[in-house]
Structures are given as structure tokens and as C-alpha cells.
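Chain and residue survey
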Amino acid sequence: DQQVKQNSPSLSVQEGRISILNCDYTNSMFDYFLWYKKYPAEGPTFLISISSIKDKNEDGRFTVFLNKSAKHLSLHIVPSQPGDSAVYFCAAYLIQGAQKLVFGQGTRLTINP
Amino acid sequence: NAGVTQTPKFQVLKTGQSMTLQCAQDMNHEYMSWYRQDPGMGLRLIHYSVGAGITDQGEVPNGYNVSRSTTEDFPLRLLSAAPSQTSVYFCASSYQVSSGNTIYFGEGSWLTVV
């Protein structure tokens, strides 16, 4: 039972354009959502997060949107840069109880020059 | 990756062997956890700890043991390695549960069981 899903295994975007990565979840009780970026042979690094009480959070070129009614979140990267090429994981957790992150399968983003 | 150290980075085991993956953090984080990453599966939680002396199972705990005798260390033990445990393992830590706390990951340990 995959509670957090990233249905696109890969995405290719031209440099300078917008990259949109999508994530769906099934548990309406999740309190917090995060995006992590992972380069090969490295651990995931935190990118941006959003609380379930908000619908948008922005940090520089990165914006995360949350649509609770659709149980959907997306990460927008504008403009896309070659260094953004990586695997992106969305994750969610419940504050009540332990802070157990539930991850999606990941989307490999490739930025083409 | 801020302050989460995993060793070893690479390891090859024979089926049935035991080993321990070490994880240490120097940020005084209360929460620590172990994940495994497999192709097409994302990262799955193995075990976690909310403080010294307290551990609990995650999504895929079978075949693994953990202990948390200090705040800094959270070792993961494979008692009898199986080929299904071939994976990349990530240790993570953060401050205690609170909204928006960033969870920091180590660089990973690549384990192959033959």
C-alpha cells in the first residue's frame, strides 16, 4: 500500500524552463510534506517543505503547492538549471506519534542544456 | 549532509553473515532512523528511535535489529544477511517531533549480500 506516490519515474526539461514534479498521497491525516533532492552516491538533502495548513510555500526558485482536496502536491522549479538534475523524492509525515517519513518512489529530473 | 555519519560506505557480505552498520550524529538530535532504498520503491523505514533507550519498528523491520544506548549513535544490525537485504541504507536524524523539523540524512551505505 503506497501512501505516497510519484507516478512519473523520470522527467526531462530544457534549461531555463519550468520543471513540475508531482506527488499524490492517500492519507488525509498527513501533517507535513517535504521534498528531498538526491544526487547519485549521496544521501537525500532537504529542499522545501509545506505544512498541511498552507497551500503554497516558496523558497527562491522552488515552490511547493498543496491541494488537500485532491491529495496532491507539486514542486515547481523556475528557471530550471543543469544542477537541478537529480532524483526528487516527496515525503509526508504525521506529527502525532513518531516522525516517520513516508516517501514516494522518486522522479529523476534531467535538465537539458 | 549535516552531521550524520555512516560507516561503512560499501560492504559485501555472504549469505548468513552478520554485520553492523554504524550511524552517528553530532547535532544532539533525539530522533534517528534507518531507511533502505531499492529501485522503484523510494525509501522505506526500517527502524526508528525517538530518544536514547527507545526504539520501534518501521515499515520493513524483519531481519534487522537496532539499539539506542546513546543520543549520538544508532547502529543497525543484520543478524543473518540474506540477498534480499542487498540495498542502499540511509541513516537519518532530526530534533524531536515538531512541525517542519528538517530530517538530515547520512551519505548512505551500499550493502551487497551474495
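Residues numbered from 1 in each chain as written. Chains lettered and ligands numbered in written order. Predicted model: local features only at pLDDT ≥ 70, side-chain atom pairs only at ≥ 80, totals over all residues. Heavy atoms only, no water.

1. Topic: the overall build of chain B
Tallying secondary structure elements over chain B gives 0 helices and 11 strands in all. Counting from the amino terminus, chain B carries its helices and strands in the arrangement β-β-β-β-β-β-β-β-β-β-β. At 13 Å, chain B has a C-alpha radius of gyration in line with the 13 Å of a compact globule built from 114 residues. If you line up chain B on its principal axes, its C-alpha atoms span 40 × 30 × 25 Å. Expressed as a percentage of the 114 residues in chain B, the buried residues total 46%. A sequence separation of at least 24 residues applies to 53% of the contacts in chain B between residues at least 6 apart. Of the roughly 5000 Å² of accessible surface on chain B, 50% is carried by carbon and sulfur atoms. (Helix = DSSP H or I, 4+ residues; strand = E, 2+ residues; numbered from the N terminus. Rg over C-alpha atoms; globule rule 2.2 N^0.38 Å. Buried < 20%, exposed > 50% of the residue type's maximum accessible area, 1.4 Å probe, protein only. Contact = heavy atoms within 4.5 Å. Areas by Shrake-Rupley, 256 points an atom, 1.4 Å probe, with all protein chains shown as cover.)

2. Re the sheet that holds strand β7 (residues 64-66) of chain B
Residues and elements named next belong to chain B. Pairing is antiparallel in the open sheet, where 4 strands are placed in the order β1-β3-β8-β7. Strands at the two margins of the open sheet, each flanked by one partner only, are β1 (4-7) and β7. With direction set aside, neighbouring strand axes in the sheet form an average angle of 20°. Inspection of the sheet shows β1 paired to strand β3 (residues 19-25) by 4 bridges, in the antiparallel sense. Note that in β3 the partner of glutamine 6 across the bridge is cysteine 23. (Pairing = 2+ DSSP bridges. Axes fitted to C-alpha atoms, helices over the stretch in contact; angles between N-to-C directions.)

3. Brief notes about the confidence of the model for chain B
Chain-level pLDDT for chain B is 91 on average; 93% of the residues reach the 70-or-more range. At the low end of the mean pLDDT range in chain B sits strand β10 (residues 104-105) of chain B, at 90; at the high end sits strand β8 (residues 76-78) of chain B, at 98. (pLDDT = per-residue confidence, 0-100.)

4. Describing the pattern of salt bridges
Residues and elements named next belong to chain A. All told, the structure shown has 5 salt bridges over all chains when counted by the stated rule. Aspartate 84 is paired through a salt bridge with arginine 61; the nearest N and O atoms lie 2.8 Å apart. One end of the pair, aspartate 84, is in the loop between β8 (72-77) and β9 (86-93); the other, arginine 61, is in the loop between β6 (56-59) and β7 (62-67), with 23 residues separating them in the sequence. Classification of arginine 61 by relative accessible area gives partly exposed; the value is 21%. When salt bridges with common partners are traced through the structure, they connect Lys37, Arg61 and Asp84 into a single cluster. (Salt bridge = Lys/Arg side-chain N within 4 Å of Asp/Glu carboxyl O.)

5. Quick notes on the state of the cysteines
Counting across every chain of the model gives 2 disulfides over all chains. Between the sulfur atoms of cysteine 23 of chain A and its disulfide partner cysteine 90 of chain A the distance amounts to 1.9 Å. As the torsion about the S-S bond is roughly 60°, the cysteine 23 of chain A-cysteine 90 of chain A disulfide counts as right-handed. Residue cysteine 23 of chain A is located in strand β3 (residues 19-25), and its partner cysteine 90 of chain A is located in strand β9; the two are separated by 67 residues in the primary sequence. By relative accessible area, which is 1% here, cysteine 23 of chain A ends up buried. Owing to a relative accessible area of 0%, cysteine 90 of chain A belongs among the buried residues under this scheme. One disulfide in the model links cysteine 23 of chain B with cysteine 91 of chain B; its S-S distance is 1.8 Å. An S-S torsion of about -75° defines the bridge between cysteine 23 of chain B and cysteine 91 of chain B as left-handed. (Disulfide = S-S within 2.5 Å.)

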